[in-house]
Amino acid sequence: MMAPCLRVPMVTSIPTCSSSSSSYSLPQLSLRRRCFSLSVNATSKSKIPMNPNDPFLSKLASVAATSPQTLLNRPLNSDTPPYLDLFDSPTLMATPAQVERSVSYNEHRPRRPPPDLPSLLLHGRIIYIGMPLVPAVTELIVAELMYLQWMDPKEPIFIYINSTGTTRDDGETVGMETEGFAIYDAMMQLKNEIHTVAVGAAIGQACLLLSAGSPGKRFMMPHAKAMIQQPRIPSSGLMPASDVLIRAKEVIVNRDTLITLLAKHTGNSEETVANVMKRPYYMDATKAKEFGVIDRILWRGQEKIMADVSAPEDWDKGAGIKLMDGF
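- In the nomenclature of an unreviewed UniProt entry, the protein corresponds to ATP-dependent Clp protease proteolytic subunit from the organism Stylosanthes scabra.

1. Here we look at the overall build of the protein
Working step 1: Each helix and strand counted, the protein has 13 helices and 7 strands in total.
Working step 2: In the protein, buried positions account for 32% of the 327 residues.
Working step 3: Of the accessible surface of the protein, which amounts to about 21,200 Å², a share of 59% is contributed by carbon and sulfur atoms.

2. Things to note about the packing of helix H7 (residues 177-189) against helix H9 (residues 241-266)
Working step 1: One can describe the packing of H7 onto H9 by two numbers: an axis separation of 11 Å at closest approach and a directional angle of 35°. Helix-helix and strand crossings are classified by hand; for H7 and H9 the assignment is left-handed. Mapping the contact onto sequence places Glu 177, Phe 181, Tyr 184 and Met 188 in H7 and Asn 254, Thr 257, Leu 258, Leu 261, Lys 264 and His 265 in H9.
Working step 2: Considering only residue class, the contact of H7 with H9 consists of 5 nonpolar, 3 polar and 2 charged.

3. Considering the pairing of strand S3 (residues 194-203)
Working step 1: With 9 of 10 residues buried, S3 lies mostly within the body of the structure.
Working step 2: With 6 bridges connecting them, strand S2 (residues 157-163) and S3 associate as parallel partners. What sits directly across from Ile 157, in S3, is Ile 194.
Working step 3: For the segment spanning S2, H7 and S3, crossover handedness is right-handed.
Working step 4: Across 3 bridges, S3 lies against strand S4 (residues 218-220) in parallel orientation. Looking at the pairing, Thr 196 lines up with Arg 218 of S4.
Working step 5: In this fold, the crossover linking S3 to S4 by way of helix H8 (residues 205-211) has right-handed handedness.
Working step 6: Sheet analysis places S3 next to strand S5 (residues 225-228), joined by 3 bridges and oriented parallel. Within S5, the residue paired with Ala 201 across the bridge is Lys 225.

4. Some remarks on the pattern of salt bridges
Working step 1: Under the criterion given, the structure shown has 3 salt bridges.
Working step 2: Of the charged contacts, one joins Arg 168 and Glu 172 as a salt bridge, the two residues approaching to 2.5 Å between their closest N and O atoms.
Working step 3: For Arg 168, a relative accessible area of 36% puts it in the partly exposed group.
Working step 4: On the basis of relative accessibility, which here comes to 45%, the residue Glu 172 falls in the partly exposed class.
Working step 5: Taking the shortest distance from any N to any O, the salt bridge between Asp 256 and Arg 255 comes out at 3.2 Å.

5. Some details on the nonpolar core
Working step 1: Grouped together as the largest cluster of nonpolar side chains are 46 residues, with contacts concentrated most on Leu 145 and Ile 159.
Working step 2: Ignoring anything within four residues of it in the chain, the contact list for Ile 159 reads Ile 127, Ile 129, Leu 145, Met 187, Ile 194, His 195, Thr 196 and Val 197.

6. A short note on the side chain of His 195
Working step 1: As for its placement among the helices and strands, His 195 is situated in strand S3.
Working step 2: Relative accessible area serves as the criterion here: at 10%, His 195 is assigned to the buried category.

7. Regarding a nonpolar patch on the surface
Working step 1: On the surface, Tyr 147, Trp 150 and Met 151 cluster together into a nonpolar patch covering about 390 Å² of accessible area.
Working step 2: What makes Trp 150 exposed here is its relative accessible area of 66%.

8. Points about unusual backbone geometry
In most cases, non-glycine residues show a negative phi, while peptide bonds are predominantly trans.
Working step 1: Within the chain, Arg 125 stands out as a residue other than glycine whose phi angle is a positive 60°.
Working step 2: Mapped onto the fold, Arg 125 is located in the loop between helix H5 (117-123) and strand S1 (126-129).

9. Focus on H7
Working step 1: Counted at 1.5 Å a residue, the expected span for H7 with its 13 residues is 18 Å, and the 19 Å between its end C-alpha atoms agrees.
Working step 2: By the burial criterion, the buried members of H7 are Glu 177, Glu 179, Gly 180, Phe 181, Ile 183, Tyr 184, Ala 186 and Met 187.
Working step 3: Looking at the buried residues of H7, the elements they touch are helix H6 (135-151), S2, S3, H8 and H9.

10. Observations concerning the pairing of S5
Working step 1: Here S5 runs beside strand S6 (residues 281-283); their pairing, made up of 3 bridges, is antiparallel. For Met 227, the partnering residue across the bridge sits in S6 and is Tyr 282.

11. Points about the environment of Pro 234
Working step 1: Along the chain, Pro 234 falls in the loop between S5 and H9.
Working step 2: Pro 234 sits 67 residues away from Thr 167 along the chain, and the two C-alpha atoms are 9.7 Å apart.
Working step 3: Not counting residues up to four positions away in its chain, the partners in contact with Pro 234 are Thr 173 and Arg 247.

12. Looking at the confidence of the model for the protein
Working step 1: On average, residues of the protein score 75 in pLDDT, and 60% of them reach the 70 mark or higher.
Working step 2: The low-confidence segment residues 1-26, where pLDDT is below 50, has 31 contacts with residues more than four positions distant or belonging to other chains.
Working step 3: Ignoring residues within four places in sequence, the model shows residues 89-105, a span with pLDDT below 50, making 19 contacts including any to other chains.

Cut-offs and rules
Residues numbered from 1 in each chain as written. Predicted model: local features only at pLDDT ≥ 70, side-chain atom pairs only at ≥ 80, totals over all residues. Heavy atoms only, no water. Helix = DSSP H or I, 4+ residues; strand = E, 2+ residues; numbered from the N terminus. Buried < 20%, exposed > 50% of the residue type's maximum accessible area, 1.4 Å probe, protein only. Areas by Shrake-Rupley, 256 points an atom, 1.4 Å probe, with all protein chains shown as cover. Axes fitted to C-alpha atoms, helices over the stretch in contact; angles between N-to-C directions. Left-handed = near helix turned anticlockwise from the far one by under 90°. Contact = heavy atoms within 4.5 Å. Nonpolar A, V, L, I, M, F, W, Y, C, P; charged D, E, K, R; others polar. Pairing = 2+ DSSP bridges. Right-handed = clockwise from strand over helix to strand, strands pointing away. Salt bridge = Lys/Arg side-chain N within 4 Å of Asp/Glu carboxyl O. Core = buried A, V, L, I, M, F, W, Y, C linked by side-chain atoms within 4.5 Å. Patch = residues over 30% accessible without salt bridge, like charges linked within 9 Å, V, L, I, M, F, W, Y side chains within 5 Å. Expected span 1.5 Å × (residues − 1). pLDDT = per-residue confidence, 0-100.

This is the structure we're talking about:
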């Protein structure tokens, strides 16, 4: 569509009037009208594909239909790119997903950039903890929990956990124990049912979050690992001895709190939890279920297989075993 329109201003290059007069003579105006009429006719007859959503071409066609003199009286020497001065605030740049150059190529392209992955998961009421519990992670998780409860206080929330807690995989402390307690308190305040799923690893404070799911809704993948351990003192550096002692007392308080909460959610006594936490205590999915950290082990097709399992009485009947009275 641009080719017929660009031929219109070329008529202004025909020098038919004197330089001293700003008005046009009758022959010149008649010639300009004929050129513009031919241009419009050529445009209407040609079948050039044009995207109707293109704002520039739509504006250009609207100006040509309402006030064609605007396109005819174009300045010969202008610093403005051709026809862009028709817009009050011309936009020269756009996001990649909004740019359309070909109808056939961009037919199925999105009109705006796609959302990021955490937003897509949040739309499905899924929260994924895939990093150590540092302040930035805690801030995001607590905000997502509050947002999901505000959206619907009755629908369940799914938390997938693959985190080393407040330490790295090599044991170095990267966050305070209060980071895990902050997420735990937010979970306890929610009205929603919370499903927790361990994928990969749930270590330290992350294991507490795994066990804090709603009863019967705590799951673990077959090859995931859980581990509980005592909190560790952050790097003291050049701190004086008195400050190191203060930190050590705070770590002991956090350890006792962690023991109390784990005993509450696993159904074990505090003495049992304290004994296994003297050293790092690793659990596979089976051990974690026995210890009370989770309720079920997730593996593909288990519901169908368990539904097909016959009751003991049916097994006996199929095997031809008859039970005697009193047994």
